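Notes for the structure review
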Amino acid sequence: MATTASANTIAELQSRLSDLELSKAHNDVSDVIRKERTEMLLSLRKIMDAMKAEAASGGGGASCKELETLRAENDELKKINAKQKYRIEHLVHNLRDVTGK
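Residues numbered from 1 in each chain as written. Predicted model: local features only at pLDDT ≥ 70, side-chain atom pairs only at ≥ 80, totals over all residues. Heavy atoms only, no water.

1. Examining the pattern of salt bridges
Side chains bearing opposite charge may pair, as long as their charged atoms lie close to each other. Tallied over the entire structure, the rule returns 2 salt bridges. As a salt-bridge pair, E12 and R16 come within 3.0 Å of each other at their nearest N and O atoms. Separated by 4 residues within a single helix, E12 and R16 lie in helix α1 (residues 2–56), roughly one turn from each other. Between K79 and E76 there is a salt bridge, with the nearest N and O atoms lying 3.9 Å from each other. Of this pair, K79 and E76 both sit in helix α2 (residues 64–99), separated by 3 residues, roughly a single helical turn. (Salt bridge = Lys/Arg side-chain N within 4 Å of Asp/Glu carboxyl O. Helix = DSSP H or I, 4+ residues; strand = E, 2+ residues; numbered from the N terminus.)

2. As for α2
In a regular helix each residue adds 1.5 Å, so 36 residues correspond to 52 Å; α2 covers 52 Å between its end C-alpha atoms and thus fits that length. Two residues or fewer past α2, G100 is found with a positive phi of approximately 80°. (Expected span 1.5 Å × (residues − 1).)

3. A few points about the environment of A25
Secondary-structure assignment places A25 in helix α1. A25 gets classed as partly exposed once you look at its relative accessible area, which sits at 40%. Linking A25 and A53, residues 28 residues apart in sequence, is a C-alpha distance of 42 Å. (Buried < 20%, exposed > 50% of the residue type's maximum accessible area, 1.4 Å probe, protein only.)

4. So, a nonpolar patch on the surface
A surface patch of nonpolar side chains, about 520 Å² in accessible area, is lined by M40, L41, L44, I47 and M51. In this fold, L41 is placed in helix α1. Taking relative accessible area as the criterion, L41 reaches 47% and is therefore assigned partly exposed. (Patch = residues over 30% accessible without salt bridge, like charges linked within 9 Å, V, L, I, M, F, W, Y side chains within 5 Å. Areas by Shrake-Rupley, 256 points an atom, 1.4 Å probe, with all protein chains shown as cover.)

Following this line, the structure appears as structure tokens:
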């Protein structure tokens with residue numbers, strides 16, 4: 001019986017040892033994950049701060065050349081819109097004359 005009890009004790013000690021080793025490995029992995037999360041949060045904060053600074057300075061991220069192109073396109077569209085508006089008013093006026101209203 002003494003050998004059975006000692007064998008059980010040895011088996012129990014080996015089980016505890018493997019549990020402790022597994023726990024230590026888990027803690028090591030947790031530390032790595034925690035470190036990775038910290039690094040990710042820091043980089044996200046830097047990105048957020050950069051975006052806030054850009055928004056505060058009024059920069060939309062467009063270059064001067066892009067802004068000039070957009071302004072020119074906007075001017076052209078305003079001219080086209082004005083012509084279309086004049087034509088619609090002219091057509092409405094002529095329709096009223098024809099229908100007698």
